[in-house]
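One-letter residues, chain by chain:
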Amino acid sequence: MNVKNKNTIRLLKRLFANYVRKHHSKLIISIFCMIVVAGATALNAWMMQPVLDEIFINKNKTLIVFIPIAVITIAIFKGIASYIQSIFMSFIGYRLVADIQNQMFRAAIRCDLSFHNEINSGTMVSRFIADVGALSRGVHNVIINIIKDSFTFVFLIGVMFYHDIKLAFLALFVFPVAIYPIRRIGKRLRKISKSTQVGFGMLTSKLSESFSAIKTIKAFGSENFESKRIDKEIINIFNLTYKSTKVNSIARPLMEIISGCAIGAIIFIGGSQVIQGQTTPGTFFSFLTALLMAYQPVKSLASLNATLQIAMASAERVFEILDKKPLMKETKHPKDNMIDLKEKNNINISKISFKYPNSTKLILKNINLEIYNGERVALVGYSGAGKTTLLNLLPRFFDPYKGKIEIGGIDVKNLSFNFIRNYFSLVSQDIVLFDETIKYNICYGSSKYSKADLQNACKKSHCTEFIKKFPKGFNEIIGENGSKLSGGQKQRVAIARAFIRNSPFLLLDEATSSLDSRSEKKIHDSLDKLISNKTALIIAHRLSTVIDADRIVIINNGEVVDIGKHSTLIKTSKIYKHLHELQFKTKNEKNLKT
Ligand SMILES: Nc1ncnc2c1ncn2[C@@H]1O[C@H](COP(=O)(O)OP(=O)(O)O)[C@@H](O)[C@H]1O
Ligand SMILES: [Mg+2]
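Residues numbered from 1 in each chain as written. Chains lettered and ligands numbered in written order. Predicted model: local features only at pLDDT ≥ 70, side-chain atom pairs only at ≥ 80, totals over all residues.

Attention shifts here to the site of ligand 1. Taken together, Asn117, Tyr356, Ser359, Ile363, Gly381, Ser383, Gly384, Ala385, Gly386, Lys387, Thr388 and Thr389 make up the full set of residues adjacent to ligand 1. In terms of residue count, helix 11 (residues 387-393) provides more of the shell around ligand 1 than any other element does, 3 residues in total. Here the shell around ligand 1 is composed, by residue class, of 3 nonpolar, 8 polar and 1 charged. (Near = placed C-beta within 6 Å. Helix = DSSP H or I, 4+ residues; strand = E, 2+ residues; numbered from the N terminus. Nonpolar A, V, L, I, M, F, W, Y, C, P; charged D, E, K, R; others polar.)

This next bit is on unusual backbone geometry. Despite not being glycine, Arg396 shows a phi value in the positive range, around 60°. Structurally, Arg396 is set in the loop between helix 11 and strand 4 (402-407). The backbone of Asn557 sits at a positive phi, close to 50°, despite the residue not being glycine.

On average, residues of the protein score 87 in pLDDT, and 96% of them are at 70 or above. Throughout residues 589-594 the model reports pLDDT below 50, and contacts reaching past four residues in sequence, or to other chains, amount to 0 contacts. (pLDDT = per-residue confidence, 0-100. Contact = placed C-beta atoms within 7 Å.)

Here we come to the packing of helix 8 (residues 223-275) against helix 9 (residues 281-293). Two numbers describe how helix 8 lies on helix 9: the axes approach to 9 Å, and their chain directions differ by 165°. By the criterion of interaxial angle, the relationship of helix 8 to helix 9 is roughly antiparallel. Judged by the twist between their axes, the crossing of helix 8 over helix 9 is right-handed. Of the residues in helix 9, those in contact with Ile266, Gly270 and Val274 of helix 8 are Pro281, Phe284, Phe287, Leu288 and Leu291. Looking at side-chain class alone, the contact of helix 8 with helix 9 contains 7 nonpolar, 1 polar and no charged residues. (Axes fitted to C-alpha atoms, helices over the stretch in contact; angles between N-to-C directions. Parallel < 35°, antiparallel > 145°, perpendicular 65-115°, else oblique. Left-handed = near helix turned anticlockwise from the far one by under 90°.)

A few words now on the nonpolar core. Core analysis: the largest hydrophobic core is formed by 62 residues, its most contacted members being Leu156, Val159, Met160, Ala290, Leu291 and Ala311. Among the secondary structure elements, those contributing two or more residues to this core are helix 1 (3-20), helix 2 (24-57), helix 3 (63-110), helix 5 (121-163), helix 6 (165-212), helix 9 and helix 10 (295-322). Here this core gets 13 residues from one element, more than from any other, and that element is helix 5. Contact partners of Leu156, with chain neighbours within four places excluded, come to Ala42, Ala45, Ala290, Met293 and Ala294. Formed by 61 residues, the second largest nonpolar core is a distinct cluster that contains Ile347, Val493, Val546 and Ala549. (Core = buried A, V, L, I, M, F, W, Y, C linked by C-beta atoms within 7 Å. Buried ≥ 20, exposed ≤ 12 C-beta atoms within 10 Å, placed from the backbone.)

Turning next to the sheet that holds strand 9 (residues 551-556). Strand-to-strand pairing in sheets goes through backbone hydrogen bonds, with the strands running parallel or antiparallel. Reading across the sheet, the 6 strands line up as 6-7-8-3-9-10 and stay open at both edges, with mixed pairing between neighbours. At either margin of the open sheet sits one strand with a lone partner, and together these are strand 6 (424-427) and strand 10 (559-564). Put simply, the sheet's adjacent strands are angled 20° from each other on average, direction ignored. Strands in contact with helix 16 (residues 487-501) are strand 6 and strand 7 (505-509); relative to strand 6, the strand with the most contacts, it is inclined by about 170°. (Pairing = 2+ DSSP bridges.)

Here the focus is the packing of helix 6 against helix 10. Here helix 6 crosses helix 10 at 25°, and the two axes come no closer than 8 Å. Here helix 6 lies roughly parallel to helix 10, going by the angle between them. Here helix 6 runs over helix 10; the crossing is right-handed. Only Val298, Lys299, Ala302, Ser303, Asn305, Ala306, Gln309, Ile310, Ala313 and Ser314 of helix 10 make contact with helix 6, whose side of the interface consists of Phe175, Ala178, Ile179, Ile182, Arg183, Gly186, Leu189, Arg190, Ser193, Lys194 and Gln197. When grouped by side-chain class, the residues that make up the contact of helix 6 with helix 10 number 10 nonpolar, 7 polar and 4 charged.

If you check the domain split of the protein, you get domain 1 (3-322) and domain 2 (338-593). Measuring from the centre of the C-alpha atoms in domain 1 to the corresponding centre in domain 2 gives 56 Å. (Domains from an automatic or database assignment.)

Next up on the list: the environment of Asp430. If you trace the backbone, Asp430 turns up in the loop between strand 6 and helix 13 (438-442). Look at Asp430 and you get exposed, because 10 C-beta atoms sit within 10 Å. Measuring from C-alpha to C-alpha, the distance between Asp430 and Phe220 comes to 21 Å, with 210 residues separating the pair along the chain.

The next subject is the pairing of strand 1 (residues 347-354). Bridging between strand 1 and strand 2 (residues 364-371) involves 5 bridges; their strand directions are antiparallel. Within strand 2, the position partnered with Asn348 by the bridge is Glu370. One ladder, built from 5 bridges, connects strand 1 with strand 4; its direction is antiparallel. If you follow Ile347 over to strand 4, its bridge partner there is Ile407.

All right, on to the sheet that holds strand 2 then. Taken in spatial order, the 4 strands make up an open sheet running 2-1-4-5, and their pairing is antiparallel. Edge strands, defined here as strands with exactly one partner in the open sheet, are strand 2 and strand 5 (410-411). Of the pairings in the sheet, the one linking strand 4 to strand 5 comprises 2 bridges and is antiparallel in character. Within strand 5, the position partnered with Ile407 by the bridge is Ile410.

As structure tokens, this is what we get:
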């Protein structure tokens, strides 16, 4: 057995054990029904013999009543059996889709940020939709093919052998001849469909990219450019699907020619036997019917491997996600209750070095910083210095490569994700909002809050003013990523979120960049309210925010190069002085423009 087959069997076993076996009663009933259907098909072929010999030739008066009743009875049984088999098998197939999609989403959403940064979101979507669909079709077809078609085939062959052993051997000889081209075609189809799946993935990702970047596309007037880009993918899929139909369409006429030859030969031989009186016309016709009926199951059995290979290629992509284990482990024995939230808990960042996965460059180098409870610490440095990276380490979006971070003396690795994520509240420069109501967005991630809390949060973050202007107020749906809100309004929603969460520690990442001065003032005011009584680590371009900080930490090239107050740093730190000058200049330029 080659590696590919072993792999297929391993995947099938896993699919069966995890998603099919648990529906065993439905599966057994459906297998039973498939056998009934197969038996009924063969029985119909067999009936040709008494119909011709007894009714047409011998003019038997009893059988003329009995046989039609038998035919109707068989049809009823076959109908009921096919109905039950079809709904049960569909149930198993759709359940498999639902179960896998559920598990995949759970697995994917738990993966580290670093994993999601690497994989394209369109590719992920295509795995959920196209791959899981192909997988389910594969499993469904494999079960039906293997059970129903092989039983039908065996029963029909049985009928043929029952009637005429010599002719049956002759007919059996034709099947392998017919199977050969089908297998060749199957192989080609498999290759084509693999490229088709990849093509669909590309199309999905480019589509989602284009639609989410619609504003940029319009701003750059690149509608035509984008249309051409998408056209390329669509044409690619068109070519592949058309090619696969072309290949597939050869199968039918080819089979018909081969079986035409076989049937011709059999009519000649069988017909001669009938003329010579060696066999009855009924027997011969029953044989011929069985042979004709055997064509369909043989065809599906021959293409089984192609279906299976397509499904298994999808299975591999699906299982890759299911098996993805987050690199960042959550402790099994969290020491959450060792931290008393009423106590003063300092944050200690010690000897932190960090590099992003898949990169060798050290982004942070041996950072040491203790942040005292209630303190307001500002991080200042050139763009790309590593400020955001440092901020992201506190709520454990990434784990440091060396060193540790402690809250009140407890390593964050010994705390549950839930605890840490609630301990820190992040208001960052890229605010992501959901296409839901304003209320949903403000309360996102908070479970315990009262109506008064919500109103208070909106008031303090200056959200109430613009919420009132919406016809539906709090229940206004704000569009994809908050497209109905202005930049400043989005930021205020993000601040309201932080108010509701009421975490002891605030992380602000350039929360006031890209705003006009009036919005900025409102936001400063809300941020001041937010920060009061809390510990905060702030990254700000606007040095005005920074001037009031208890301590200013200068980061350069991933290292802490200076710590102090504004009044001292402005004299002692070259970098701080430079940044201050830059800021002063841009501010003046801005004032000139407006
Ligand atoms: N997800 C990432 N993968 C790899 N490198 C990254 C990633 N995010 C940021 N970086 C790199 O890390 C460095 C520091 O970035 P960042 O912390 O965002 O800087 P700052 O916030 O100080 O402007 C930059 O050189 C940036 O290119
Ligand atoms: Mg940054």
